[in-house]
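# Results of the structural survey
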Amino acid sequence: MSLMRVLGRPMLASMFLTGGLNSVREPEQVAPIAEPVVQPVREQVPVLPDSTEQVVRLSGAVQVAAGLMLATGRMPRPAALAIAATLVPTTLAAHRFWEVKDPSERAQQRIHFFKNMSMLGGLLIAADDTGARPSWLWRGTHAAHGLRRDAGLVRRSVRATARPAAAAGRIRAKLPA
């Protein structure tokens, strides 16, 4: 693994570890802010808890667990996707700059919104990073291509040997026993 990955993954995960721990420990601080986003999400995903505080705590737990996985390099691609899935509603709940009237507060919320968008971009890049190894999709496609090529070689080989064998069989059939 490259030095960039060894250093970059924990740095990217650090924000989610600290924010996730805060959400797990004190969800009541974040729940009022999260309510406008949690309610519509809960309607679309009925398996979520009924309490907004519990949804905030669950989101924080996902961020902590996935942040640890990303930081340590254990299944970093799914971990980055899990964090990204929690970051979108978090950003939409906490940094609704378009609803803020005060210009200075609006500017601050816009900065935080786009900071989160930048982190989302980093997470998407991390989710796509194969660590200089081919992806499973590439490996499968490459293996299928190799099998098709091998099948074609076998088919040509069979055709090449079948014609002389058939001719030899016809000649042998004409010879007296």
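Everything discussed here concerns the structure shown above.
Below, the structure is looked at part by part. (Residues numbered from 1 in each chain as written. Predicted model: local features only at pLDDT ≥ 70, side-chain atom pairs only at ≥ 80, totals over all residues. Heavy atoms only, no water.)

Here the focus is unusual backbone geometry. Negative phi is the rule for most residues except glycine; trans is the rule for most peptide bonds. Positive phi outside glycine occurs at Met75, with the angle close to 50°. Mapped onto the fold, Met75 is located in the loop between α3 (52–72) and α4 (76–94). Here Met75 falls in the exposed class, since its relative accessible area comes to 54%. (Helix = DSSP H or I, 4+ residues; strand = E, 2+ residues; numbered from the N terminus. Buried < 20%, exposed > 50% of the residue type's maximum accessible area, 1.4 Å probe, protein only.)

As a further point, take the layout of surface pockets. Roughly 780 Å³ of volume is contained in the largest pocket. Along its surface, the largest pocket is lined by 33 residues, and Ser23, Ser59, Gln63, Thr86 and Thr90 are the ones closest to its centre. Where the lining of the largest pocket is concerned, the elements lending two or more residues are α1 (3–25), α2 (27–44), α3, α4 and α5 (103–128). A total of 8 residues in the lining of the largest pocket trace back to one element, the largest contributor, which is α4. Put simply, the second largest pocket is a space of about 300 Å³. In this structure, the second largest pocket is lined by 16 residues; those nearest its centre are Arg77, Asp129, Thr130, Gly131 and Arg133. No other element matches the 3 residues that α4 contributes to the lining of the second largest pocket. Here the lining of the second largest pocket is composed, by residue class, of 6 nonpolar, 4 polar and 6 charged. (1 Å grid on protein atoms, 1.4 Å probe; cavity = no way out; pocket = protein on both sides within 12 Å on 5 of 7 lines; lining within 4 Å. Points joined across faces, edges and corners; volume = space filled by probe spheres on them. Nonpolar A, V, L, I, M, F, W, Y, C, P; charged D, E, K, R; others polar.)

A word on a nonpolar patch on the surface. Side chains of Leu3, Val6, Leu7 and Met11 sit close together on the surface and give an oily, nonpolar patch of about 440 Å² of accessible area. Within the secondary structure layout, Met11 lies in helix α1. The exposure class of Met11 is exposed, given its relative accessible area of 61%. (Patch = residues over 30% accessible without salt bridge, like charges linked within 9 Å, V, L, I, M, F, W, Y side chains within 5 Å. Areas by Shrake-Rupley, 256 points an atom, 1.4 Å probe, with all protein chains shown as cover. Salt bridge = Lys/Arg side-chain N within 4 Å of Asp/Glu carboxyl O.)

None of this, on its own, says anything about what the molecule does.
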